[in-house]
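Architecture at a glance
Below are the chains, spelled out letter by letter.
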Amino acid sequence: FLTLKKIYPDLHVFGCEPHPDEYRYLVPFFGRSLVPVAISNTAGTGKLYLNKFGGSSLFGGRGSNDTHEVDIWTLDQFDSWAGHQDKILLWMDIEDSELNALKSGPELLKSGRVEWLNIETRNVPGHDGSPSTADISAFLEPYGYVPVHRYNVQGAYPEAPGDTIYFKAGVQPLIAGNML
């Protein structure tokens, strides 16, 4: 987001970070446009599993050595908090909760205000219950989003995480170049 702010100085950045240590680290960069919440398909409170190597997840049992009670919002709630912005780049790297989070934002996705998405995906699920790139692409297709590029793949194995960029059908890139 810091690189994007250099390219687009008028860019408004809104974020969430449920991990208490990561949140404290990021507040100086975001200020009041960062909230200490998790995004998932059911609002309320829940258990956040803190990984001993850093990071966190709403899914336990994968290197978790501590837990933290966290507020959980839906994506539509987050959109409301952020003021229903326009021309949105929705960026999600939320440790196998990406599909649950997308499912919690039907109003946002139907609105057409999200023009681009950068979603962490795995071509093969990393564990039972986690989505694949194909699952996320199939979910986004009825909303008019198409995958255009997968990059930043973290290994040569099928379940390696990477980022997939989606465009809303008909939206042009902001930076010229070949995405495929």
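Description of the structure in this document.

1. Focus: helix α6 (residues 133-140)
Within α6, burial applies to T133, I136, S137, F139 and L140. Projected onto a plane normal to the axis of α6, the buried residues spread over an arc of 160° and lie on a single side. Close packing links the buried residues of α6 with α4 (98-103), α5 (106-111), β8 (114-122), β9 (145-151) and β10 (161-168).

2. Looking at the nonpolar core
L90, L102, L117 and L140 are the most contacted members of the largest nonpolar core, which totals 21 residues. At the level of secondary structure, the elements contributing two or more residues to this core comprise β3 (37-39), α3 (75-81), β7 (88-92), α4, α5, β8 and α6.

3. A short note on the packing of aromatic side chains
All chains considered together, the criterion is met by 8 aromatic pairs. Ring geometry for F1 against F30: centres 4.4 Å apart, planes inclined by 40°, an arrangement best described as tilted. Linking F1 in the segment before α1 (2-7) with F30 in helix α2 (residues 20-30), this pair joins segments that are 29 residues apart in sequence. In this structure F30 comes out as buried when scored by relative accessible area, which is 15%. Through successive ring pairs, a cluster of aromatic residues spans F1, Y25, F29 and F30. Taking NZ or CZ as reference, K168 lies 4.8 Å from the ring centre of Y145, over its face.

4. Description of the sheet that holds β9
Spatially, β7-β8-β10-β9 is the arrangement adopted by the 4 strands of the open sheet, whose pairing is mixed. The open sheet has two free edges, formed respectively by β7 and β9, since each of these has just one partner strand. Put simply, the sheet's adjacent strands are angled 20° from each other on average, direction ignored. Bridging between β9 and β10 involves 6 bridges; their strand directions are antiparallel. Bridge pairing in β10 links Y151 to D163. Set on the sheet, α6 makes contact with β8, β9 and β10; between it and β8 the angle comes to about 155°.

Rules of the game
Residues numbered from 1 in each chain as written. Predicted model: local features only at pLDDT ≥ 70, side-chain atom pairs only at ≥ 80, totals over all residues. Heavy atoms only, no water. Buried < 20%, exposed > 50% of the residue type's maximum accessible area, 1.4 Å probe, protein only. Helix = DSSP H or I, 4+ residues; strand = E, 2+ residues; numbered from the N terminus. Arc of directions from axis to C-beta. Contact = heavy atoms within 4.5 Å. Core = buried A, V, L, I, M, F, W, Y, C linked by side-chain atoms within 4.5 Å. Phe/Tyr/Trp six-rings, centres within 6.5 Å; stacked < 30°, edge-to-face > 60°. Lys NZ or Arg CZ within 6 Å of the ring centre and 35° of its normal. Pairing = 2+ DSSP bridges. Axes fitted to C-alpha atoms, helices over the stretch in contact; angles between N-to-C directions.

So, to be careful, I would describe these as geometric facts and stop short of saying anything about function.
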